[in-house]
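Working through the structure, step by step
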Amino acid sequence: MSITYRLQSLKLSSPFLCGSTSLSLLSKPNSSLSQRPFKTPAFLPPIRAMKSMQGKVVCATNDKTVSVEVVRLAPHPKYKRRVRKKKKFQVHDPDNQFKVGDFVQLEKSRPISKTKSFLAVPIPSKNGKHKKEETGELGIPLESKQPQEEPLG
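Calculation notes
- Residues numbered from 1 in each chain as written.
- Predicted model: local features only at pLDDT ≥ 70, side-chain atom pairs only at ≥ 80, totals over all residues.
- Heavy atoms only, no water.
- UniProt positions renumbered as here; feature names shortened; annotations may be inferred.
- Helix = DSSP H or I, 4+ residues; strand = E, 2+ residues; numbered from the N terminus.
- Buried < 20%, exposed > 50% of the residue type's maximum accessible area, 1.4 Å probe, protein only.
- Contact = heavy atoms within 4.5 Å.
- Areas by Shrake-Rupley, 256 points an atom, 1.4 Å probe, with all protein chains shown as cover.
- Pairing = 2+ DSSP bridges.
- Phe/Tyr/Trp six-rings, centres within 6.5 Å; stacked < 30°, edge-to-face > 60°.
- Lys NZ or Arg CZ within 6 Å of the ring centre and 35° of its normal.
- Axes fitted to C-alpha atoms, helices over the stretch in contact; angles between N-to-C directions.
- Core = buried A, V, L, I, M, F, W, Y, C linked by side-chain atoms within 4.5 Å.

Looking at an unreviewed UniProt entry, one finds the protein named Small ribosomal subunit protein uS17c and attributed to Durio zibethinus. We quote the UniProt Sequence similarities (unreviewed entry) comment for the protein here in full: "Belongs to the universal ribosomal protein uS17 family." Quoted verbatim from the Subcellular location (unreviewed entry) heading of the UniProt record, the comment on the protein is "Plastid, Chloroplast".

Time to look at the overall build of the protein. Per the secondary structure count, the protein includes three helices and seven strands. Counting helices and strands in the order they occur from the N terminus, the protein gives α-β-β-α-α-β-β-β-β-β. Here the protein holds 153 residues, and the buried ones make up 15% of them. By sequence separation, contacts in the protein at least 24 residues apart represent 41% of the contacts at least 6 residues apart. For the protein, the computed accessible surface area is about 14,000 Å², with 56% contributed by carbon and sulfur atoms.

Attention now moves to the pairing of strand 4 (residues 65-75). Sheet analysis places strand 3 (residues 52-59) next to strand 4, joined by three bridges and oriented antiparallel. What sits directly across from Cys 59, in strand 4, is Ser 67. Connecting the antiparallel pair strand 3 and strand 4 is a turn made up of five residues, with Lys 64 showing a positive phi of about 60 degrees. Relative to strand 5 (residues 82-92), strand 4 is paired through eleven bridges, and the arrangement is antiparallel. Bridged to Val 70 within strand 5 is Lys 87. Where strand 4 folds back onto strand 5 in an antiparallel hairpin, the turn is made up of six residues, including Lys 80, whose phi is positive at roughly 60 degrees.

In this section: the packing of aromatic side chains. The tally for this structure, following the rule as stated, stands at one aromatic pair. Ring geometry for Phe 89 against Phe 118: centres 5.3 Å apart, planes inclined by 70 degrees, an arrangement best described as edge-to-face. With Phe 89 in strand 5 and Phe 118 in strand 7 (residues 116-122), this pair connects stretches of sequence that are 29 residues apart. Among the residues examined, Phe 89 registers a relative accessible area of 17% and is labelled buried. Sitting over the face of the ring of Phe 118, Lys 108 holds its NZ or CZ atom 5.1 Å from the ring centroid.

This paragraph deals with unusual backbone geometry. With phi around 60 degrees, Lys 64 is a residue other than glycine that occupies positive phi space. Notably, Asn 96 is not glycine yet its phi reads approximately 50 degrees, a positive angle. Following the sequence through the fold, Asn 96 ends up in the loop between strand 5 and strand 6 (103-108). Judged by its relative accessible area of 34%, Asn 96 is partly exposed.

Another point: the sheet that holds strand 6. Taken together, the five strands give a closed barrel; going around it, the order is 3-4-5-7-6, and neighbouring strands pair in mixed fashion. On average, each strand axis in the sheet is inclined to that of its neighbour by 50 degrees, with strand direction left out of account.

We now examine the environment of Thr 61. Relative to the helices and strands, Thr 61 resides in the loop between strand 3 and strand 4. For the pair formed by Thr 61 and Asn 96, sequence separation is 35 residues and the distance between their alpha carbons is 9.5 Å.

Glancing now at the nonpolar core. Membership of the largest hydrophobic core is limited to twelve residues, which are Met 53, Val 57, Val 66, Val 68, Val 70, Phe 89, Val 91, Phe 98, Val 104, Leu 106, Phe 118 and Ala 120. Mapped onto this core, the elements with two or more residues apiece are strand 3, strand 4, strand 5, strand 6 and strand 7. Here the element with the most residues in this core is strand 4; it accounts for three residues. Beyond its immediate stretch of four places on either side in the chain, Met 53 contacts Val 70, Phe 89, Val 104, Gln 105, Leu 106 and Phe 118.

This is how it looks when you write it as structure tokens:
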């Protein structure tokens, strides 16, 4: 017991420690990080690595399941040129709402079956929700869409 008392009363000083610290304080890992858990700021989105992907529906014949082809670019192992890598995933579509050619987002979920562990989520179209069908490119109504005026006479 006298040895442990001597070790506890022993003072250590080092350029890495601020001042001298007793050995009893060094026996337990008391770092500033372990005392305060790090919280991410509210304005930063959570980091979700490879939890969601985007792809094109290539097969929609099964019930509640669609095949989605995801294309990604990866460097060639020898030539270092970026090449397209394609992979097909079986994706859960509970409402059978997707058809062949639709673009969907794959959200990672619990395994639904042996091959399905993604959910299909619709992606809004790149063109936007509002289409200008009745106006031209500049926003001016087309000549055929303008009201016809009857000539006087």
